[in-house]
Amino acid sequence: MTQNTNSKLTGVQKAAILFITLGPDASSQIIKKLPETEIQKITYEIANITAVKSDQRQEILDEFIEMNKAKDYLVEGGFEYARDVLSKALGSQKAMEILAKVTEATQQYRPFAIARKADAHQLLNVISNEHPQTIALILCYLQPEKAGQILSALPEELQSDVAFRVATLSNTSPMVIKEIEKVLDGKLSSVVRSDMTTVGGVQTLVDILNRVDRTTEKNITEGLESEDEELAEKIKQSMFVFEDVISLDDVSIQRVLREVETKELALALKGASEEVANAIFRNQSKRAAASLKEDIEFLGPVRIMDVEKAQQKVVAIIRRLDEAGEIVISRGGEDAIIV
């Protein structure tokens, strides 16, 4: 597919060209946060684009940058402020064109927009005493990192209940969402502003669990097993934890090791099983393996929390490389692939 002018492209086509321009690393971080329906549309367009002119790529990249600046200006000082700043930089006509596009794009209803601007501590104070179903619904519309922080801070007896509700949440009445959002916004409006939204389901829970500490993760998965064994197994098959390093092939492990700092690796292996440690050592030179073993010994006693943080950093690198297509994570059987 070769496009002639950017004015004839749809928003989805422009997004596809933008992701091609940004490259797999940056694009994977953005596209995974989009709704599944949008991902399907964009990936379809990416698959059907065979050529993009360099000037076309640049125009779309410039438009993307301009619209993001406009959005920031709108949030910072309102429409008049955004118009004044953009007019000085781009001219009045161009400024109004960009603001029209941004306004049109942001007019769609986005539930819990203010909640996404609040920090985790603020939200936790507001929602911790709500019904588990209400908490689950709110978590589904938060960024996974923020939702993970809140889930970790909830009482243990509440964590698995809320996690189960997140994973099984599908359709919710718009009236219910608006009512909950109205109450929550009233409590948060004095300290935060609006932002974007996300969706619920198993993958949302997986994204959250991949960002919580291991103790929280274990408590939730065990709780889910007692509620719904099939659902718990589905979630486990979609996750990757530090011990799963042994499921990677040697080439993938070697690729991961090039990204991990020796200090972090030593700390991560401090609490690892012998099988995991051996998988790492056998993919290093004898000298590097010996040096790493010495570093582990020299660490002495360390806090479990610090070990888990180091392991999470390694897992984050593994997931990033997997999403970029540089390694492949196999889980839940020979043919199962985490994407």
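Residues numbered from 1 in each chain as written. Predicted model: local features only at pLDDT ≥ 70, side-chain atom pairs only at ≥ 80, totals over all residues. Heavy atoms only, no water.

Another aspect to go through is the overall build of the chain. On a plain count of helices and strands, the chain comes out with 19 helices and zero strands. For the chain, buried positions account for 42% of its 339 residues. For the chain, restricting intrachain contacts to residue pairs at least 6 apart in sequence, the fraction spanning at least 24 positions comes to 76%. Just so you have it, the chain exposes about 18800 Å², and 51% of that area is on carbon and sulfur atoms. (Helix = DSSP H or I, 4+ residues; strand = E, 2+ residues; numbered from the N terminus. Buried < 20%, exposed > 50% of the residue type's maximum accessible area, 1.4 Å probe, protein only. Contact = heavy atoms within 4.5 Å. Areas by Shrake-Rupley, 256 points an atom, 1.4 Å probe, with all protein chains shown as cover.)

Scanning all chains against the criterion turns up eight salt bridges. The shortest N-O distance in the salt bridge between Arg165 and Asp161 comes to 2.9 Å. A residue pair is termed a helical-turn pair when its members lie 3 or 4 positions apart in one helix, as Arg165 and Asp161 do in helix H10 (residues 156-168) at four residues. The class of Arg165 is partly exposed, set by a relative accessible area of 22%. The exposure class assigned to Asp161 is partly exposed, which follows from its relative accessible area of 21%. (Salt bridge = Lys/Arg side-chain N within 4 Å of Asp/Glu carboxyl O.)

Take Lys14: it is sitting in helix H1 (residues 11-22). Look at Lys14 and you get buried, because its relative accessible area is 18%. A polar contact is formed between the side chain of Lys14 and the side chain of Glu63, at a distance of 3.3 Å. (Polar contact = N/O pair within 3.5 Å; in protein donor to acceptor, adjacent residues only side chain to side chain.)

Here the chain averages 77 in pLDDT, and 80% of its residues register 70 or above. Low pLDDT, under 50, characterises residues 193-199; the stretch is placed with 28 contacts to residues that sit more than four places away or in other chains. (pLDDT = per-residue confidence, 0-100.)

Time to look at the nonpolar core. Membership of the largest hydrophobic core comes to 42 residues, with the highest contact counts inside it found for Phe112, Leu139, Val162 and Ile235. For Val162, the contacting residues outside a window of four places in its chain are Pro132, Ile135, Ala136, Leu139, Leu151 and Leu154. (Core = buried A, V, L, I, M, F, W, Y, C linked by side-chain atoms within 4.5 Å.)

For the rest of this paragraph, the subject is the environment of Ala70. With respect to the helices, strands and loops of the structure, Ala70 is situated in helix H4 (residues 54-90). Measuring from C-alpha to C-alpha, the distance between Ala70 and Val102 comes to 7.2 Å, with 32 residues separating the pair along the chain. Not counting residues up to four positions away in its chain, the partners in contact with Ala70 are Ala82, Leu86, Ile98, Leu99 and Val102.

The next subject is the environment of Glu297. Inspection of the secondary structure assignment puts Glu297 in helix H18 (residues 286-299). Classification of Glu297 as exposed rests on a relative accessible area of 62%. For the pair formed by Glu297 and Lys270, sequence separation is 27 residues and the distance between their alpha carbons is 8.4 Å.

Between helix H8 (residues 132-140) and helix H11 (residues 174-188), the least distance of the axes is 11 Å, while the angle of their chain directions is 85°. Between H8 and H11, the interaxial angle falls into the category roughly perpendicular. Residue-level contacts link Thr134, Leu137 and Ile138 of H8 to Ile177, Ile180 and Leu184 of H11. Of the residues contributing to the contact of H8 with H11, the split by class is five nonpolar, one polar and no charged. (Axes fitted to C-alpha atoms, helices over the stretch in contact; angles between N-to-C directions. Parallel < 35°, antiparallel > 145°, perpendicular 65-115°, else oblique. Nonpolar A, V, L, I, M, F, W, Y, C, P; charged D, E, K, R; others polar.)

Before going further, it helps to spend a moment on the environment of Phe298. Along the polypeptide, Phe298 turns up in helix H18. Phe298 sits 32 residues away from Ala266 along the chain, and the two C-alpha atoms are 9.6 Å apart.

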